[in-house]
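Overview (structure and organization)
Listed below are the residues making up each chain.
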Amino acid sequence: MKLITHLVTGACVGTILSAVFRSPPHTMVYLTGLGVFINYVIDLGHAHGRFGPKRSAFTHSALGVLIISVMSTVAIHSLGIYLRVTIAQTYLTLMTLIASGLVHLLLDSLTEGGIYFLWPFKKRRYALAHIDYDDPIANSLAIIAFTLPTLYLLYMYRGVIGEWLVRLGLFR
């Protein structure tokens, strides 16, 4: 999938987790940003080949997502000691990074290139479907599939954002 699709779905995953755990608005913004961050980091390993981006085996594997998520959480937590970061916030940070990373792998497994899910144990690519990575319909459907539940949860969350969605006329 295209980078913009990954960034939007990562933001949606962070927002959904924040709404599910009834986090305050500043934590929602933080988790949404983490969802975007991990997806950007995963795609930093792309090299460009003749037929589009060529995925890095490390960043497009379950082990790679776990290592990147844990390292990012440790870095954020160590910086946050001075800001009094709680264990619950650290747990939400790790959970958001892992969930967003796994959604990234799921979306990339739908493309022709597939992912190296079991790397370094198996150097085989896994592809659930063979969709072009820049297929506009597939990218649009992925964005819609994550955005609609996110808007619904924000509406159910009923905070400032929920009231804003009601005023826009998206919900009653």
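Residues numbered from 1 in each chain as written. Predicted model: local features only at pLDDT ≥ 70, side-chain atom pairs only at ≥ 80, totals over all residues. Heavy atoms only, no water.

1. A closer look at the nonpolar core
As a reminder, the rule being used: Residues belong to a common nonpolar core when they are buried Ala, Val, Leu, Ile, Met, Phe, Trp, Tyr or Cys residues joined through side-chain atoms within 4.5 Å. Exposure categories follow from relative accessible area, calculated using a 1.4 Å probe and restricted to protein chains: below 20% of the type maximum is buried, above 50% is exposed, and the middle band is partly exposed. Helix numbers and strand numbers start at the N terminus; a helix is a DSSP run of H or I with at least 4 residues, a strand a run of E with at least 2. Residue contacts are defined here by distance: any two heavy atoms, one from each residue, within 4.5 Å place the two residues in contact.
Grouped together as the largest cluster of nonpolar side chains are 21 residues, with contacts concentrated most on Val-13, Ile-38, Val-103, Leu-107 and Phe-146. Put simply, the parts of the chain that give this core at least two residues each are helix H1 (3-20), helix H2 (25-42), helix H3 (62-80), helix H4 (87-109) and helix H5 (136-157). A per-element tally of this core places H4 first, with six residues. With near-sequence residues (within four places) excluded, Leu-107 lies in contact with Met-1, Thr-5, His-6, Thr-9 and Ala-142.

2. Some details on the environment of Leu-102
Tracing the chain through its elements places Leu-102 in helix H4. The partly exposed category is assigned to Leu-102, whose relative accessible area is 39%. In the structure, Leu-102 is positioned 37 residues away from Val-65 in sequence and 7.2 Å away in space, judged by C-alpha atoms.

3. Here we look at the packing of aromatic side chains
This is how it is decided: Pairs were defined over the aromatic rings of Phe, Tyr and Trp, the Trp ring being its six-membered one, requiring ring centres within 6.5 Å. Orientation was assigned from the angle between planes: stacked under 30 degrees, edge-to-face over 60, tilted for the rest.
This structure, assessed with the given rule, holds one aromatic pair. Ring centres of Phe-58 and Trp-119 lie 5.8 Å apart, and the angle between their planes is 80°; on these two criteria the pair is classed as edge-to-face. One end of the pair, Phe-58, is in the loop between strand S2 (52-54) and H3; the other, Trp-119, is in the loop between H4 and H5, with 61 residues separating them in the sequence. For Trp-119, a relative accessible area of 22% gives the class partly exposed.

4. So, the side chain of Asp-108
For clarity, the threshold we go by: Whenever a nitrogen or oxygen atom comes within 3.5 Å of another N or O atom, the pair is scored as a polar contact, on the condition that within protein one atom can donate a hydrogen and the other can accept it, and that pairs from neighbouring residues in sequence are kept only if both atoms are in side chains.
Inspection of the secondary structure puts Asp-108 in helix H4. Polar side-chain contacts of Asp-108 include one of 2.9 Å to the side chain of His-6. Contact partners of Asp-108, with chain neighbours within four places excluded, come to Met-1, His-6, Asp-43, Arg-55, His-60, Gly-114 and Ile-115.

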